[in-house]
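Structural description and commentary
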Amino acid sequence: SVDGIFAPGKLINVGKANISTGCAVSNTGIAMALLGFKVGLMGRTGRDLFGRAVLDIMKAYKADEGMSQADKENTSYSIVIVLPGKDRLFLHCAGANNTFGAEDIDSGIVGRAKIFHFGYPPLMQRMYSNAGRELANVLGRAREQGAITSLDMSFPDPNSASGRADWQEILSASLPHTSIFLPSIEELMYMLRRERFDELAATDGGVTGGFTAADLRGLAEECLNMGAGITVIKCGHIGAYLRSNKTLPRLQPVAAGIEDWEGAELFEAACRVENIRSATGAGDNAIAGFLTALIRGMGPEQCMKALTAVGAQNLSSVSAVGGVKPWNETLRQLEGNPSRIPIPQRLSEL
């Protein structure tokens, strides 16, 4: 048990440590590079050992030109503890991510980009402070430069300033500038339906084991009403839900068959994985699959299948992007109609 492992004074023999970059910048960005795209990664590190390691890894993918470094700040890091049969546990230090702002965005890279993906504002102090004005500013500037904007979340620590922030107010300011919003069911329910989150979190199955079709539809509709063009809610081992607005000019000219996207609603079951090693990075990799399929002109059903397939690839590796396969292999996997986990009866109406 977790309590048994964290007993004071206890020593436990464990396996080797895997060191890798993490979070949305490198996970989604490097995964898209592995899927065949040229990417530009923009983040903020300190001038320390971790910062040098981050840049070395990104240089290997020729994607480090947009990175910035801060004097007298430490690079953000996480210790991810993966216990057999349990979800991973994160010990996180925000570091230089807390001071990341619009001035760290390379406008030259954004101006050449088809998609501008931004992730994890709950772990970045400037993004959730002042009612999310800086987050809205960053997304708004990217939209003005012609990029499709994509936004991912992370779960706020309830005991931190991020967990006490007014996320409804923050999202109200940011989603009008967001083409594609891709939070998890836990993150979104915590931010917009806190009483319902607490109710489900107190049960044995937790949020993913108890949310209903009405929960998904209500949360997605609220996000669309706030201004998001497409809302994709990641539902962990169960799958993912997509709902889009009836008019989506912001997806053109990337998305082919724009009429297929307008007013779309569907739920895609998760792919079955026989040997799960770690879920670290799975959500970020799933987003990479979705965005890759979108750029390649696929419709909503194909994009959701790509989302679940690439997310599942990641589960076979301990590292954050080690399981991601090239796009041609991913297509062959999809054409083979991979086995999927049955959708729970409570979601059968979707």
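The structure displayed is predicted, hence computed values, not measured ones.

Considering the overall build of the chain
Each helix and strand counted, the chain has 16 helices and 10 strands in total. A compact globule built from 350 residues would reach a C-alpha radius of gyration of about 20 Å, and the chain, at 19 Å, matches this within 12%. By principal-axis analysis of the C-alpha atoms, the chain measures approximately 55 × 45 × 40 Å. Burial analysis of the chain (350 residues in total) assigns 51% to the buried set. Considering only contacts in the chain between residues 6 or more positions apart, those separated by 24 or more positions represent 69%.

Quick word on unusual backbone geometry
The backbone of Tyr 120 sits at a positive phi, close to 70°, despite the residue not being glycine. Residue position: Tyr 120 is located in the loop between strand S5 (115–119) and helix H5 (125–128). Non-glycine residue Ala 131 carries a positive phi angle of around 60°. Looking at where Ala 131 falls in the secondary structure, it is placed in the loop between H5 and helix H6 (133–144). Here Ala 131 falls in the partly exposed class, since its relative accessible area comes to 25%.

Quick look at the sheet that holds strand S7 (residues 180–181)
Spatially, six strands are ordered S5-S6-S7-S8-S9-S10 in an open sheet, and the strand pairing comes out mixed. Looking at strand neighbours, the two that pair on one side only are S5 and strand S10 (265–269), the edges of this open sheet. Pairing of strand S9 (residues 239–244) with S10, which is carried by five bridges, proceeds in the antiparallel orientation. Along S10, the bridge assignment pairs Arg 243 with Glu 265.

Re a negative patch on the surface
Residues Glu 259, Asp 260, Glu 262 and Glu 301 make up a contiguous surface patch of negative charge. Tracing the sequence through the fold places Glu 262 in the loop between helix H13 (258–261) and S10.

Side note on the pattern of salt bridges
Enumeration over the complete set of coordinates arrives at 15 salt bridges. Arg 126 is the salt-bridge partner of Glu 103, the closest N and O atoms lying 2.6 Å from each other. In this pair, Glu 103 is assigned in the loop between strand S4 (89–93) and helix H4 (107–112) and Arg 126 in helix H5, connecting sequence segments 23 residues apart. Given a relative accessible area of 52%, Glu 103 falls into the exposed group. Measuring nitrogen to oxygen at the nearest pair gives 3.3 Å for the salt bridge that ties Glu 268 to Arg 340.

A few points about the environment of Asn 97
Checked against the element boundaries, Asn 97 lands in the loop between S4 and H4. Spatially, the C-alpha atom of Asn 97 lies 31 Å from that of Arg 296, the residues being 199 residues apart in sequence. Those residues within four positions of Asn 97 in sequence are excluded, and the remaining contacts are Arg 44, Ser 76, Leu 123, Met 124 and Gln 125. Looking at Asn 97, its side chain comes within polar contact range of the side chain of Ser 76, at 3.3 Å.

Quick notes on the packing of helix H9 (residues 185–192) against helix H12 (residues 213–226)
Packing of H9 against H12 brings their axes to within 11 Å, and their N-to-C directions diverge by 70°. When the interaxial angle is binned, H9 and H12 end up roughly perpendicular. H12 is crossed by H9, and the crossing has left-handed handedness. Within the contact between the two elements, H9 uses Ile 185, Leu 188, Met 189 and Leu 192 and H12 uses Asp 215, Leu 216, Leu 219, Glu 222, Cys 223 and Met 226. Here the contact of H9 with H12 is composed, by residue class, of eight nonpolar, no polar and two charged.

Section: the packing of aromatic side chains
The final tally for this structure, using the stated rule, is eight aromatic pairs. Positioned above the aromatic ring of Phe 211, the side-chain terminus of Arg 346 is 5.0 Å from the ring centre.

Notes on the environment of Ser 179
Here Ser 179 shows up in the loop between helix H8 (167–174) and S7. Its relative accessible area of 2% is what places Ser 179 among the buried residues. Residues Ser 179 and His 117, 62 residues apart in the sequence, show an inter-C-alpha distance of 10 Å.

Focus: the nonpolar core
Counting residues in each nonpolar core, the largest one holds 47 residues, and the members touching the most others are Phe 116 and Phe 118. Of all elements in the fold, only H4, S5, H5, H6, H8, H9, helix H10 (194–201) and H12 reach the threshold of two or more residues within this core. When neighbours within four sequence positions are excluded, Phe 116 is seen to be in contact with Met 42, Ile 105, Val 110, Val 138, Leu 139, Ala 142, Ala 147, Ile 148, Thr 149 and Ser 150. Leu 248, Ala 286, Phe 290 and Ile 295 belong to the second largest nonpolar core, which has 44 residues in total.

Remarks on H6
Taking 1.5 Å per residue, 12 residues should reach 16 Å; H6 reaches 16 Å between its end C-alpha atoms and fits that length. Of the residues making up H6, those classed as buried are Glu 134, Leu 135, Ala 136, Val 138, Leu 139, Gly 140 and Ala 142. Tucked inside the fold, the buried residues of H6 contact H4, S5, H5, strand S6 (148–152) and H8. Following H6 by one or two positions, Gly 146 adopts a phi angle in the positive range, close to 95°.

Parameters and conventions
- Residues numbered from 1 in each chain as written.
- Predicted model: local features only at pLDDT ≥ 70, side-chain atom pairs only at ≥ 80, totals over all residues.
- Heavy atoms only, no water.
- Helix = DSSP H or I, 4+ residues; strand = E, 2+ residues; numbered from the N terminus.
- Rg over C-alpha atoms; globule rule 2.2 N^0.38 Å.
- Buried < 20%, exposed > 50% of the residue type's maximum accessible area, 1.4 Å probe, protein only.
- Contact = heavy atoms within 4.5 Å.
- Pairing = 2+ DSSP bridges.
- Patch = residues over 30% accessible without salt bridge, like charges linked within 9 Å, V, L, I, M, F, W, Y side chains within 5 Å.
- Areas by Shrake-Rupley, 256 points an atom, 1.4 Å probe, with all protein chains shown as cover.
- Salt bridge = Lys/Arg side-chain N within 4 Å of Asp/Glu carboxyl O.
- Lys, Arg positive; Asp, Glu negative; His and termini not counted.
- Charge placed at Lys NZ, Arg CZ, Asp CG, Glu CD.
- Polar contact = N/O pair within 3.5 Å; in protein donor to acceptor, adjacent residues only side chain to side chain.
- Axes fitted to C-alpha atoms, helices over the stretch in contact; angles between N-to-C directions.
- Parallel < 35°, antiparallel > 145°, perpendicular 65-115°, else oblique.
- Left-handed = near helix turned anticlockwise from the far one by under 90°.
- Nonpolar A, V, L, I, M, F, W, Y, C, P; charged D, E, K, R; others polar.
- Phe/Tyr/Trp six-rings, centres within 6.5 Å; stacked < 30°, edge-to-face > 60°.
- Lys NZ or Arg CZ within 6 Å of the ring centre and 35° of its normal.
- Core = buried A, V, L, I, M, F, W, Y, C linked by side-chain atoms within 4.5 Å.
- Expected span 1.5 Å × (residues − 1).

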